Amino acid sequence: MRLPATSGEWIDRSAPIEFKFEGRSYTGYTGDTVSSALWGADVRVLGRSFKYHRPRGVLSLANHDTNALHQWGDQLNLRADVVPLQAGMDLTAVNTFGGLDGDKGRVLGRFARFLPVGFYYKAFHTKGLFPMWERMFRAMTGLGKVDLDSPRRSTPKAYDFCDVLVIGAGPSGLSAALSAAAQGASVVVVDENARAGGSAGYQIGNDPARAEIHARLLAQVSANPLIRVLTSTYAAGYYKDHWLPLVSAERMLKMRAGSVVVASGGFEQPAVFRYNDLPGVMLASAAQRLMHRYGVKPMQRAVVLTANADGYRAALDLLARGVAVAAVVDLRARAGTAATLVQQLRDAKVEVLMSSCIVEAVPGTGGASVAAARVGAVQADGSPAADLRDIACDGILMSVGWAPAANLLYQAGTKMRFERAVEQFVPDVLPDGVFACGRVNGVHELSRRMADGTRAGSHAAAAAGFGEAVGSALAPEVESPSHPWPIVAHPEGKNFVDFDEDLQLKDFHNAVQEGFDNIELLKRYSTVGMGPSQGKHSNMNGLRILARLSGKEPQQVGTTTARPFYHPVPMAVLAGRGFNPERRTPLHSRHEALGAKWMPAGVWQRPEFYQLAGKVRLDCIREEVAAVRGGVGLIDVGTLGKLEVIGPQAAEFLERVYTSNYANLKVGMTRYAVMCDEAGVVIDDGVVARLAEDHFYFTTTTSGAATIYRELSRLNTMWGLDCGIVNHTGAFAAMNLAGPRSREVLATLTATDLSAAAFPYLAVRECTVADIPARLMRVGFVGEWGYEIHVPARFGGALWDALMAAGAAHGIRPFGVEAQRLLRLEKGHIIIGQDTDGLTSPLEVGMGWAVKMNKPFFVGQRSLKAIASKKLKQQLAGFTLPPGYSGDVPLECNLVIADGDIAGRVTSIAWSATLGRHIGLAFLRPDLATVGNKVSIRLTDGAMVEVEVSPTPFHDPENLKQKEAV
Amino acid sequence: MSQALASSPVAEIVAELLTDAVRQAEAAAVLGIADVSLEVRCGCKGPGTVAWLDSLDVPVPEKFNSWLPLGERGRIARLGMTEFLIEGDAAVVERLTTTPRAAGVYPVQREDAALMLGGARVNELLRQTCNVNFAALNLADRPVVLTSLIGVGVTVLLEQTAQGLIYRIWCDGSYGRYVFETLHDIAHELGGGTVSPQHLYA
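Residues numbered from 1 in each chain as written. Chains lettered and ligands numbered in written order. Predicted model: local features only at pLDDT ≥ 70, side-chain atom pairs only at ≥ 80, totals over all residues.

**Let's talk about the overall build of chain B**
- For chain B, the helix and strand inventory stands at 6 helices and 11 strands.
- Taken against the 2.2 N^0.38 rule, which gives 17 Å for 202 residues, the C-alpha radius of gyration of chain B at 17 Å falls within 12% of a compact globule.
- Oriented by its inertia axes, the alpha-carbon framework of chain B measures out at about 50 × 40 × 30 Å. (Helix = DSSP H or I, 4+ residues; strand = E, 2+ residues; numbered from the N terminus. Rg over C-alpha atoms; globule rule 2.2 N^0.38 Å.)

As structure tokens, this is what we get:
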């Protein structure tokens, strides 16, 4: 039920919200979370546990209630304790079979004895039963249902910057922010809660002075222009150089800070007693949040289990908001600093039991509520005395201690130590620029937390270059806020340590008994801390149990590794907007208009072929090939890498990076170029054109351009030659005009003498084409008379249009990558990466002619000498299928088989209309590579096809097409 | 050669996305993106470049990664130690591209996609696309930043004009459409859009 309205509550009672849960309609308010609205509507069972399907209610109301995960349409695993209530929500609990009330999965609770710790590891021991267990576990486990049709949500990421980042907007964090801002630093405060203030806003203890502190802090922060507060946002990880992803429901903010204050507080820890998971048993801070933030009465009559002053304040808050407090049960012998609070409670006729514990929450009818707390005295060893009594109540609050929210500190590289004075890990050595304050730093009392925050803020500002660091570390707390053993054994179990995984105290005993007595092993075997809350409410108790069972100190036991993310990050937020760089040549829209079908080539898009109406792909490609062989074709080769090397030692540079000679290359001529790595492996090829004595223009493969430029720049820096390299890949458009009529077409657009005598095969000329400055290279990659024409990118479109117009009378056809692949195959030209792999030397692909071993040096030369001294293991050879062959055709990568062994593989194969048969290239064992030899290729379906080793080039072996007479 | 034959690497996408003329001033005030790829431009690099520019009476920015104005509407940006981008001053560009290169000078063909961004929300766009804190740069230093933006290598120049702060961005022209389209989409989300350059730079 709802409490009367009070100042500072987060809900707007004038704005009711209708929603559904498990098919029933409810009303909440704007500002509610799903859990607070349901609890306010007297719904007590909010979900089912993962393993035994036990009923669960509110535990923390702090983003760790992972048994209250709900699904709303395509949104799954919504954390009901923190997800804001929205109009029209139609929620169901996840992990049920047949609904929350009638969940058939709850029968598993009765088989608990057959599901011991690590049972799934044991289940898989028998190989034969593996499939059965796998099916069962897949059916039983998993949370929520993924809707694969849900639309992609765009969540733009953004970078952000500040001098000081403060994580946590509680009293210590806000104090740190004010202190840092006072020294002139720009400050960002981030907090996962919907509003700032942290525990100062709900751990009131019915004390107006504490409420006043809360209000004052908020007002001061709000008034400070140097402070930005990001609420409903959490720091999900800590990366190098103070780089933190800040995650909200809408986006990830990538924050780069000058320094960081971690004021992340602590996770209140549950006590372990039988049935401590019943709806109605909750952390004291959860009850305080329900009351102060959401105006919800957590229960009618409470028993408060405590071991610190916070529990007494919770009891006072309950009383102040009209909740009866049947008793306060203190695990300790003395109330210590809470003495005055004890007196206030006793004055209010509340029974306070010292040196006592709760042994069991007595279930109400139906087993989904609390009817009483069974209490007894604590003996010296922590176990309860035999004499127990029941105190009637419908709710139990637990306030037995805190675990530091130190995940980010661990990720930042902080060395932590276990501090007995506060029974928690505290920072021992912090990395540069990282500061901690408040509960995570072992400082718990309110005024001390604020003082600690002021100190940390000042130091953080100073570290970021603002002002002088003021203040030093505070003296330790006078009493521990955390009990060293808030755990009560029970012979019948159901005393839960980990609510995510339904781990009971006995599971830890069994795991340790089985030898898993190391914290990392224990975690993986028992799965403690591996559920959705990632151990935030279970790791500390698990550690205490392991320490006691293994006879070690907590410091010796240590903690598990904290890795990003601190908290689950939705995939949509993680993915962000998604940037996928794509390069286009200047001719892209021309291709599009001509019906190009695109294929990716690295980051480029290239036309695979041009679709003609009413024709299938293969026919289109074959027509393009025919056009080039019989007339003229035009292909966009602008994706090739285009580099220049300029300077007196440019030729020397090329001598070193390519296998051929370039010092003797005449100005105005080009030469094929092969590049190897230091292992003698072919990594790239292209054409080198000499434009002047000290000026070379050369191409690389499309995919190799960026890598080759980087590598050449590295080598040039290392060698210190007098030359410079310029990457002009994107700066030049390039197209290849090829075919017997290419010269006629080009002649209409340029005054340059195109005769074979004036412009021979492999020559390069700088001239104008269609009034555009151009570099023309007479190359023959496709085996026809042709020109590669390179022009500044801005003129690419105009040149293409001019060539297409000039070629119209000759039936010019644009051709794509597939046609080019066939044309070059007919000519026996290899494609690096297709006809070579990461181990291929030039000697294996018949390029010995391009390797000049008599040069003083080139990259890979030494390795090639070694390779040349041994017998080749494979050799690239041409092969053909018989004319008229009508069976299945081998595919690229099909294996060559000889004597039952693998003897090679196909690298390229295609139908050649020119030759009237299938032709291909394959790596073969050298003894099989003799022309005329027959080899067998195994098809994908296992059938064998015999092919004949054939000489290459298949087409125009005498290279007559490049001669004037042809 | 006819400049009339030249086309911007982003001409088509700009035509597609251009904000209605009546709304352009409003969009530019919020977050305008404009194409200035066809401004005259050239580049050079190499150890002899500084001396060569000096010899041609072209002012050289003293600091690395900074720029200087050239004439009324031009600029020279120093990219790192020995590379320069010259833009907007036709006379200087003409002089540099027609003068024979000297020893240690390597001409760089600049066929960039060149964009301008401006408006009240421009920093929000930059924060979504680049990890450089542009807001922290001192405009008096005339900074030039070589960085990566939406996965593409870019050069960014900050210029304070009478109309406000503008960012000039250059990238390889082959990335132009991707860069322009992506930035336009973000600008549009933020209330701006594609505008003509005069709305950002009179």
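**Topic: the overall build of chain A**
- The number of helices and strands found in chain A is 23 helices and 47 strands.
- Taken against the 2.2 N^0.38 rule, which gives 30 Å for 966 residues, the C-alpha radius of gyration of chain A at 38 Å runs more than 25% over that of a compact globule.
- Principal-axis analysis of the C-alpha atoms gives chain A an extent of 120 × 70 × 55 Å.
- Counting only residues that meet the buried cut, chain A has 53% of its 966 residues in that class.
- In chain A, the share of contacts with a sequence separation of at least 24, taken over all contacts with a separation of at least 6, comes to 66%. (Buried ≥ 20, exposed ≤ 12 C-beta atoms within 10 Å, placed from the backbone. Contact = placed C-beta atoms within 7 Å.)

**So, the pairing of strand E9 (residues 152-161) of chain B**
All names here are of chain B.
- Sheet topology note: the strand E8 (residues 144-149)/E9 ladder contains 6 bridges and is antiparallel. Bridging across to E9, Thr147 finds its partner in Val154.
- Direction of pairing for E9 relative to strand E10 (residues 164-171): antiparallel, over a ladder of 8 bridges. Bridge pairing links Glu159 to Ile166 in E10.
- Two successive antiparallel strands, E9 and E10, enclose a turn made up of 2 residues. (Pairing = 2+ DSSP bridges.)

**Focus: the packing of helix H5 (residues 122-129) of chain B against helix H6 (residues 176-189) of chain B**
Residues and elements named next belong to chain B.
- H6 packs onto H5 with a crossing angle of 130 degrees between their chain directions and a minimal axis gap of 10 Å. Classified by the angle between their axes, H5 and H6 sit oblique to one another. In terms of crossing hand, the pair formed by H5 and H6 is right-handed. Only Leu183, Ile186 and Ala187 of H6 make contact with H5, whose side of the interface consists of Leu125, Gln128 and Thr129.
- Tallied by class, residues from the contact of H5 with H6 come to 4 nonpolar, 2 polar and no charged. (Axes fitted to C-alpha atoms, helices over the stretch in contact; angles between N-to-C directions. Parallel < 35°, antiparallel > 145°, perpendicular 65-115°, else oblique. Left-handed = near helix turned anticlockwise from the far one by under 90°. Nonpolar A, V, L, I, M, F, W, Y, C, P; charged D, E, K, R; others polar.)

**Some remarks on the sheet that holds strand E20 (residues 370-378) of chain A**
All names here are of chain A.
- Pairing is antiparallel across the open sheet formed by 3 strands, whose spatial order is E19-E20-E21. The two strands at the open ends of the sheet, each matched to only one other strand, are strand E19 (356-363) and strand E21 (384-392). Neighbour-to-neighbour, the strand axes of this sheet turn through a mean angle of 25 degrees, independent of strand direction.

**Examining the interface of chain B and chain A**
- In this complex, chain B contributes 29 residues to the contact, which on the side of chain A involves 31 residues.
- If you list the elements that add at least two residues to the side of chain B that touches chain A, you get strand E6 (106-108), H5 and H6 of chain B.
- Counting residues per element, the side of chain B that touches chain A draws most heavily on H6 of chain B, which supplies 3 residues.
- Tallied by class, residues from the side of chain B that touches chain A come to 12 nonpolar, 11 polar and 6 charged.

**Regarding the packing of helix H11 (residues 505-513) of chain A against helix H13 (residues 539-550) of chain A**
Residues and elements named next belong to chain A.
- Packing of H11 against H13 brings their axes to within 10 Å, and their N-to-C directions diverge by 45 degrees. Taken together, H11 and H13 sit at an angle that is classed as oblique. The two elements H11 and H13 cross, and the hand of that crossing is right-handed. Taken together, the residues of H13 that come into contact with H11 (itself represented by Leu505, Phe508, His509 and Val512) are Gly542, Ile545, Leu546, Leu549 and Ser550.
- The residue makeup of the contact of H11 with H13, split by class, is 6 nonpolar, 3 polar and no charged.

**Notes on H6 of chain B**
Residues and elements named next belong to chain B.
- Between its first and last C-alpha, H6 extends 20 Å over 14 residues, near the 20 Å set by a 1.5 Å rise per residue.
- Counting buried positions over the 14 residues of H6 gives 10, a clear majority of the element.
- For H6, every residue scored as buried is listed here: Gly176, Arg177, Tyr178, Val179, Phe180, Thr182, Leu183, His184, Ile186 and Ala187.
- Downstream of H6 by a residue or two, Gly191 has a phi angle that is positive, lying close to 100 degrees. (Expected span 1.5 Å × (residues − 1).)

**Here we look at the domain arrangement of chain B**
All names here are of chain B.
- Taken domain by domain, chain B consists of domain 1 (8-37 + 112-199) and domain 2 (41-108).
- Once you take the C-alpha centre of each, domain 1 and domain 2 turn out to be 24 Å apart.
- Tallying the contact residues gives 10 residues for domain 1 and 11 residues for domain 2.
- When contributions to the side of domain 1 that touches domain 2 are tallied by element, the ones reaching two or more residues are E8 and E9.
- Broken down by element, the residue count for the side of domain 1 that touches domain 2 peaks at 3 residues, all from E8.
- Here the side of domain 1 that touches domain 2 is composed, by residue class, of 6 nonpolar, 1 polar and 3 charged. (Domains from an automatic or database assignment.)

**A look at the nonpolar core**
All names here are of chain A.
- One finds Val164, Val189, Val261 and Ile396 to be the most contacted residues of the largest nonpolar core, which totals 173 residues.
- Tallying contributions element by element places strand E13 (residues 252-262) first for this core, with 7 residues.
- In contact with Val261, not counting residues within four places along its chain, are Val164, Val166, Ile167, Gly173, Ala176, Phe435, Cys437, Ala456, Gly457 and Ala460. (Core = buried A, V, L, I, M, F, W, Y, C linked by C-beta atoms within 7 Å.)

**Observations regarding the sheet that holds strand E34 (residues 682-692) of chain A**
Residue and element names in this part refer to chain A.
- Reading across the sheet, the 5 strands line up as E33-E34-E35-E32-E36 and stay open at both edges, with antiparallel pairing between neighbours. The open sheet terminates on both sides in strands that have one partner only, identified here as strand E33 (670-676) and strand E36 (724-727). On average, each strand axis in the sheet is inclined to that of its neighbour by 25 degrees, with strand direction left out of account.
- Seen against the sheet, helix H18 (residues 650-657) touches strand E32 (641-646), E33, E34 and strand E35 (695-700) and runs at an angle of roughly 130 degrees to E32.
- Here helix H19 (residues 705-719) sits on the sheet in contact with E32, E34, E35 and E36, set at roughly 165 degrees to E36.

**Observations regarding the environment of Val304 of chain A**
Residue and element names in this part refer to chain A.
- Considering the arrangement of structural elements, one finds Val304 in strand E16 (residues 301-306).
- Judged by the 30 C-beta atoms lying within 10 Å of it, Val304 falls in the buried class.
- Taking the C-alpha atoms as reference points, Val304 and Val400, 96 residues apart in sequence, are found 10.0 Å from one another.
- If near-sequence neighbours (up to four positions away) are discounted, Val304 is found in contact with Ala284, Gly311, Ala314, Ala315, Val325, Val328, Val329, Leu397 and Ser399.

**Re the confidence of the model for chain B**
- Scored by pLDDT, chain B has a mean of 96; 99% of the residues are at 70 or more.
- Note on the complex model: pTM 0.89, ipTM 0.97. (pLDDT = per-residue confidence, 0-100.)

**Things to note about the environment of Leu56 of chain B**
Residues and elements named next belong to chain B.
- Mapped onto the elements of the fold, Leu56 is located in the loop between helix H3 (49-55) and strand E3 (66-70).
- On a C-alpha basis, the gap between Leu56 and Val92 in space is 8.8 Å, while along the polypeptide they are 36 residues apart.
- Setting aside residues up to four positions removed in sequence, Leu56 forms contacts with Arg95, Leu96 and Thr99.

**A look at unusual backbone geometry**
Residues and elements named next belong to chain A.
- Cis geometry marks the peptide bond from Pro564 to Phe565, where omega comes out at 0 degrees.
- The topology assignment puts Phe565 in the loop between helix H14 (554-557) and helix H15 (571-575).
- Along the chain, Thr952 connects to Pro953 via a cis peptide bond; the corresponding omega equals -5 degrees.
- Counting through the fold element by element, Pro953 comes out in the segment after strand E47 (944-950).
- For Asp42, which is not glycine, the phi dihedral falls at a positive 65 degrees.
- The class of Asp42 is exposed, set by 11 C-beta atoms lying within 10 Å.
- With phi around 60 degrees, Asn959 is a residue other than glycine that occupies positive phi space.
- Along the polypeptide, Asn959 turns up in the segment after E47.
- Asn959 sits in the partly exposed class, given 13 other C-beta atoms within 10 Å.

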